[in-house]
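Inside the fold
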Protein chains: 2
Amino acid sequence: MAKKFNRAMYFLDQKDMPTHWYNIQADLPEPLPPTLNPMTKQPATPEFMHALFPMECILQEVNTADRYIEIPDEVLEIYRTWRPTVLHRAYRLEKALDTPAKIFYKYEGTNQAGSHKPNTAVAQAYYNKQEGIKRIATETGAGQWGSALAFAGALFDIEIKVYMVRISYDQKPYRRIAMEVWGANCVPSPSPDTKTGRDMLAKWPDCPGSLGLAISEAVEDAVSREDTHYSLGSVVNHVLLHQTIIGEETRKQMEMADAYPDIIVGCIGGGSNFAGQFLPWVPDKLSGKKKDLRIICVEPESCPTVTKGLYAFDYGDAVGLGPIVKMYTLGHGFIPPPIHAGGLRYHGMAPIICHLHRLGLVEAQAVPQTKVFDAGMLFARTEGIISAPEPCHDLRVAIDEALKCREEGKSKTILIAHSGHGHFDLAAYEKYLSGELVDYAYPEEEVRKAQAELPQVSL
Amino acid sequence: MAKKFNRAMYFLDQKDMPTHWYNIQADLPEPLPPTLNPMTKQPATPEFMHALFPMECILQEVNTADRYIEIPDEVLEIYRTWRPTVLHRAYRLEKALDTPAKIFYKYEGTNQAGSHKPNTAVAQAYYNKQEGIKRIATETGAGQWGSALAFAGALFDIEIKVYMVRISYDQKPYRRIAMEVWGANCVPSPSPDTKTGRDMLAKWPDCPGSLGLAISEAVEDAVSREDTHYSLGSVVNHVLLHQTIIGEETRKQMEMADAYPDIIVGCIGGGSNFAGQFLPWVPDKLSGKKKDLRIICVEPESCPTVTKGLYAFDYGDAVGLGPIVKMYTLGHGFIPPPIHAGGLRYHGMAPIICHLHRLGLVEAQAVPQTKVFDAGMLFARTEGIISAPEPCHDLRVAIDEALKCREEGKSKTILIAHSGHGHFDLAAYEKYLSGELVDYAYPEEEVRKAQAELPQVSL
């Protein structure tokens, strides 16, 4: 009786929602290099890490035994307030491109905080709660991560202290207010609340702040109080693990759509959103089930960590207080140009992604900001969604690949890992519309200088 | 194998999505009073209305014969980019209230424009496109309606001109930029683009504008150009009709949840969102299937149209250019206090809702702004969603009813019609958090004056 139609959204019932995260470490052909203590430059002990993170996260960080790790019931219960998220088929974009390609996107923008970040924020808040932690300190740049942790803190009744880079704090009041609505305490960094902050303010009262400085403040806060931990929103293994719920759901939804991707594309800043999507597909590449699956990591041309970085041991934070990991890096002292995709302005990259790139399992492309927004505009005017600047990077490469399909007369299936909406990024769109958006050249000289300051490690 | 769990989200598969809107006019025990031409004060002819609206909408406006009106395939195709929307069970809110009540909410905030408005914007754009209309003019206050029509215009390649009340234009640049991203031309009203606007600017160059003035500009624009129509985002019958997709979906989803509402609650400004939810439930009240179903319309204490208005013929717009309808009204010249729920600052109310209230089928309550935001805050810290100020009105009454259930030890099922997110309303939350949010007394004297200016109608 119902008319024939093209299904544009694939819902997964909550009874079919994955109950486990996928742990790629159990499947790696070669193990990851160890994480190092920044003081000793030797492998970090769990005790060292435990000053910052709950033990469960530390165990997940180094777990090479279990392919699947059970998601705690309490976390699943909260996931079910917004998950499973929808897999969309982008018919209108396909039509506008006149391409034979089939384009799908898994969209993480419909949850309370508007991005993929709550997938790990909720898990981390839960594990901290289990250990009796009453307070978590963190940093945030553009505010997506701070928002997600503030939201998670509200759900578990954990006090959240967010050190927000001052220039963002001043420019993006809505992100700050959202954190306050969820009950978090958000201060501009540098702040008078830490020695690091006070020292900086004494030297430079109008200091605009930086992510590195904000990390330092949050770490200082966390190690100085018994009741407080520190929390990270990307890069490290356990964060990527928590994000794999995205890909696990998508695999089921692509099956519902009777489709399998030829190309999976996503942006990488610290790497957690895209890894959350693509990691569960890697076994099919390893087993030969889909050897030619292309996994394309997209980064900004002005901050091309994987395409132009060194593969080396470097600090995860900008000032050398945090753990040292082996990754592609532009040098921890490198300050990327002020592109609008704040989430992609990072000198390093998730060690898991770097390792997979070394093994030839993923590839990387760098794209310039104006072409990224061209893609975001086309997406907004076809699919309707105003995307954050970060996922506009995915859209750029997905569109390019779809256009190649048109040229070659080939129908490929493209899957986009869309991390969230751009409701708080409209100032960037305004710059685009008024013709003021610019591209930044790759600052090669500055990168060279920063890379000269890598820590000396002999393992 | 799957563990037992409480399902918190009910998805409806696209194959089960309703294919028809529900037309309450076919079921009304008494017909609606006619719409009048503002010049003649006699029933408006289709020809008069056709200068403003497409014929299909005009026919829907007066259709008393068909209970169900088929949704065009082209509209369904676009609905499927975000519909069916999710029905949520608010377990965390229930727990915080320690109530035996079951609370459900149908949430319209996940679509591209973030509110229920696209349900009619897309339909209206489609019908206009069918008539060869190339351009639509409209007004917007806070910007939700303008955003939705801009989005719909992008999908049908129709030029959209939005006259945005100047004070909102200046205060809410993000809404304006969103409209521009979708390709609309948004100007502050009063504007130099119409005679109405130019006259006002000559008299008062810094005029902050008003919704009434913006309507006048949009209507003048539409009637002065062959290729242009005018479009309304609420109040009139065909707009309410298009919104019934919400309730039609919810009926199926409540069945999936094995639940039936005792109370349905929603805010009313022009009335379209809430009517979209509750109208499809009215037949169960009429037939006696659920005679005691309570349908509670919530309005601001400072703009209490249904609870304190006169039931009379009045202009829909503020300056007396638009059609005259019979409704509860505070007087078309009444300017409501500056509460943050801009969508509820309207002197009149959808004639269908007023008619049902007269027939005793729906009830109304008025609530003060600070208590509305108390409810919005509790919702944000339990369910996580930051709601627009308008649906916070629903939340206030839903919470009050749930607390009554606790006192009385009764378990009732409460269904909330949640119209959208508050991502562009965070300035209002900031006022709340800083203790600056105030309540406004009902301006009785001003209402009396405005009501003295009702048009003289003898029918």
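Not measured: the values here are computed from a predicted model.

What counts and what doesn't
- Residues numbered from 1 in each chain as written.
- Chains lettered and ligands numbered in written order.
- Predicted model: local features only at pLDDT ≥ 70, side-chain atom pairs only at ≥ 80, totals over all residues.
- Heavy atoms only, no water.
- Helix = DSSP H or I, 4+ residues; strand = E, 2+ residues; numbered from the N terminus.
- Rg over C-alpha atoms; globule rule 2.2 N^0.38 Å.
- Contact = heavy atoms within 4.5 Å.
- Lys, Arg positive; Asp, Glu negative; His and termini not counted.
- Charge placed at Lys NZ, Arg CZ, Asp CG, Glu CD.
- Axes fitted to C-alpha atoms, helices over the stretch in contact; angles between N-to-C directions.
- Parallel < 35°, antiparallel > 145°, perpendicular 65-115°, else oblique.
- Nonpolar A, V, L, I, M, F, W, Y, C, P; charged D, E, K, R; others polar.
- Pairing = 2+ DSSP bridges.
- Least-squares fit on C-alpha atoms with pLDDT ≥ 70 in both.
- Buried < 20%, exposed > 50% of the residue type's maximum accessible area, 1.4 Å probe, protein only.
- Polar contact = N/O pair within 3.5 Å; in protein donor to acceptor, adjacent residues only side chain to side chain.
- Domains from an automatic or database assignment.
- Buried area = accessible area lost by both parts, 1.4 Å probe.
- Salt bridge = Lys/Arg side-chain N within 4 Å of Asp/Glu carboxyl O.
- Phe/Tyr/Trp six-rings, centres within 6.5 Å; stacked < 30°, edge-to-face > 60°.
- Lys NZ or Arg CZ within 6 Å of the ring centre and 35° of its normal.
- Arc of directions from axis to C-beta.

This part takes up the overall build of chain A. Helix and strand counts for chain A stand at 20 helices and 15 strands. At 21 Å, chain A has a C-alpha radius of gyration in line with the 23 Å of a compact globule built from 459 residues. Overall, chain A is about 70 × 50 × 45 Å in size when its C-alpha atoms are taken along their principal axes. Residue pairs at least 24 apart in sequence account for 77% of intrachain contacts in chain A once pairs closer than 6 positions are excluded. When the 47 basic and 57 acidic side-chain charges of chain A are each reduced to a single mean position, those positions are 5 Å apart.

What follows deals with the packing of helix 17 (residues 369-382) of chain B against helix 18 (residues 389-408) of chain B. Residues and elements named next belong to chain B. Orientation of helix 17 relative to helix 18, taken along the N-to-C sense of each, is 85 degrees, at an axis distance of 8 Å. Looking at the two axes, helix 17 sits roughly perpendicular to helix 18. Side by side, helix 17 and helix 18 meet where Lys371, Val372, Phe373, Asp374, Ala375, Gly376, Leu378 and Phe379 of the first sit next to Pro389, Cys392, His393, Leu395, Arg396 and Ile399 of the second. Its residues assigned to classes, the contact of helix 17 with helix 18 shows nine nonpolar, two polar and three charged.

This part covers the sheet that holds strand 7 (residues 159-165) of chain B. Residues and elements named next belong to chain B. On the basis of which strands lie adjacent, the open sheet formed by four strands has the order 8-7-6-9 and parallel pairing. Two strands lie at the open edges of the sheet, namely strand 8 (185-189) and strand 9 (228-230), each paired on one side alone. With direction set aside, neighbouring strand axes in the sheet form an average angle of 25 degrees. As paired elements, strand 6 (residues 135-140) and strand 7 share six bridges and run parallel to each other. Bridging across to strand 7, Thr138 finds its partner in Val162.

Let's shift gears to the relation of the copies chain B and chain A. Overlaying chain B on chain A yields an RMSD of 0.0 Å, the required transformation being a rotation through 180 degrees with an accompanying axial translation of 0.0 Å. Both copies are brought into coincidence by an operation consistent with a two-fold rotation axis. Proximity to the rotation axis, assessed at the C-alpha, singles out Thr110(B) in chain B; its C-alpha lies 2.8 Å from the axis. Taken as a fraction of all interface residues of chain B, those also at the interface in chain A reach 100%, which identifies the copy contact as same-surface.

Moving on to the side chain of Asp425(A). Mapped onto the elements, Asp425(A) comes out in the loop between strand 15 (413-418) and helix 19 (426-433). Taking relative accessible area as the criterion, Asp425(A) reaches 9% and is therefore assigned buried. Here the side chain of Asp425(A) touches Lys172(A) through a polar contact of 3.0 Å, side chain to side chain. Contacts of Asp425(A), omitting those with residues within four sequence positions, involve Lys172(A), Ala388(A), Pro389(A) and Tyr174(B).

This part takes up the domain arrangement of chain A. Residue and element names in this part refer to chain A. By domain assignment, chain A separates into domain 1 (21-68 + 116-237) and domain 2 (75-114 + 243-453). Placing a centre on the C-alpha atoms of domain 1 and another on those of domain 2 gives a separation of 22 Å. The largest per-residue losses of area from domain 1 upon contact with domain 2 belong to His116, Asn119 and Val235, which jointly make up 18% of the total buried on that side. Salt-bridge contacts for Asp425 lead to Lys172; the nearest nitrogen and oxygen are separated by 3.0 Å. Between domain 1 and domain 2 we count 13 residue pairs in polar contact (both at pLDDT 80 or more) in total. Where the side of domain 1 that touches domain 2 is concerned, the elements lending two or more residues are strand 2 (20-22), helix 1 (46-50), helix 5 (118-130), helix 6 (144-156), helix 8 (173-181) and helix 10 (211-223). Taken together, the residues of the side of domain 1 that touches domain 2 sort by class into 26 nonpolar, twelve polar and seven charged.

In total, this model carries 32 aromatic pairs over all chains according to the counting rule given. Taking the centre distance of 5.2 Å and the plane angle of 20 degrees together, the rings of Phe11(A) and Phe11(B) count as stacked. Note that Phe11(A) is positioned in the loop between strand 1 (9-10) and strand 2 and Phe11(B) in the loop between strand 1 (9-10) and strand 2 (20-22), a pairing that runs across two chains. Here Phe11(A) falls in the buried class, since its relative accessible area comes to 8%. Following the ring pairs from residue to residue traces out a cluster consisting of Tyr79(A), Trp82(A), Phe151(A) and Trp182(A). Directly above the ring of Tyr169(B) sits Arg176(B), whose terminal nitrogen or CZ lies 5.5 Å from the centroid.

Moving on: the pattern of salt bridges. Tallied over the full model, the rule gives 52 salt bridges over all chains. Among the salt bridges present, the one from Asp13(B) reaches Arg7(A), with a minimum N-O distance of 2.4 Å. Pair noted here: Asp13(B) is in the loop between strand 1 and strand 2 and Arg7(A) is in the segment before strand 1, and the two residues belong to different chains. According to the relative accessible area criterion, Asp13(B) is partly exposed, its value standing at 24%. Look at Arg7(A) and you get partly exposed, because its relative accessible area is 25%.

This brings us to the sheet that holds strand 5 (residues 102-107) of chain A. Residue and element names in this part refer to chain A. The seven strands lie next to each other as 1-4-5-15-10-11-14, forming an open sheet whose pairing is mixed. Of all strands in the sheet, those with a lone pairing partner are strand 1 and strand 14 (363-367), marking the two edges. Here strand 11 (residues 294-300) pairs with strand 14 via five bridges, running parallel. Its bridge partner being in strand 14, Ile296 is matched across the sheet by Glu363.

It is worth spelling out the environment of Leu454(A) at this point. Residue and element names in this part refer to chain A. With respect to the element layout, Leu454 can be found in the segment after helix 20 (444-451). By relative accessible area, which is 13% here, Leu454 ends up buried. C-alpha of Leu454 to C-alpha of Phe313: the two residues are 141 residues apart in sequence and 7.3 Å apart in space. If we ignore the near neighbours within four places in the chain, the residues touching Leu454 are Leu310, Ala312, Phe313, Asp314, Thr329 and Gly331.

All names here are of chain A. Buried within helix 20 are the following residues: Val447, Ala450 and Gln451. Buried residues of helix 20 fall within an arc of 95 degrees about the axis and therefore sit on the same side. Elements that come into contact with the buried residues of helix 20 comprise helix 15 (305-308), strand 12 (310-315) and strand 13 (324-329).

Glancing now at the interface of chain B and chain A. Counting from both sides, the interface comprises 52 residues of chain B and, opposite them, 52 residues of chain A. Buried surface at the junction of chain B and chain A, summed over both partners, amounts to about 4800 Å²; 59% is from carbon and sulfur atoms. Considering only the surface of chain B that becomes buried against chain A, Phe11(B), Tyr174(B) and Val181(B) emerge as the three largest contributors, covering 14% of it. The tally of links between chain B and chain A comes to four salt bridges. For the pair chain B and chain A, the interface holds 23 residue pairs in polar contact (both at pLDDT 80 or more). Listed by contribution, the elements that provide at least two residues to the side of chain B that touches chain A are helix 3 (73-79), helix 6 (144-156), helix 8 (173-181), helix 17 and helix 19 (426-433) of chain B. Among the elements that line the side of chain B that touches chain A, the one with the most residues is helix 8 of chain B, at six residues. Here the residues of the side of chain B that touches chain A are counted per class, giving 26 nonpolar, eleven polar and 15 charged.

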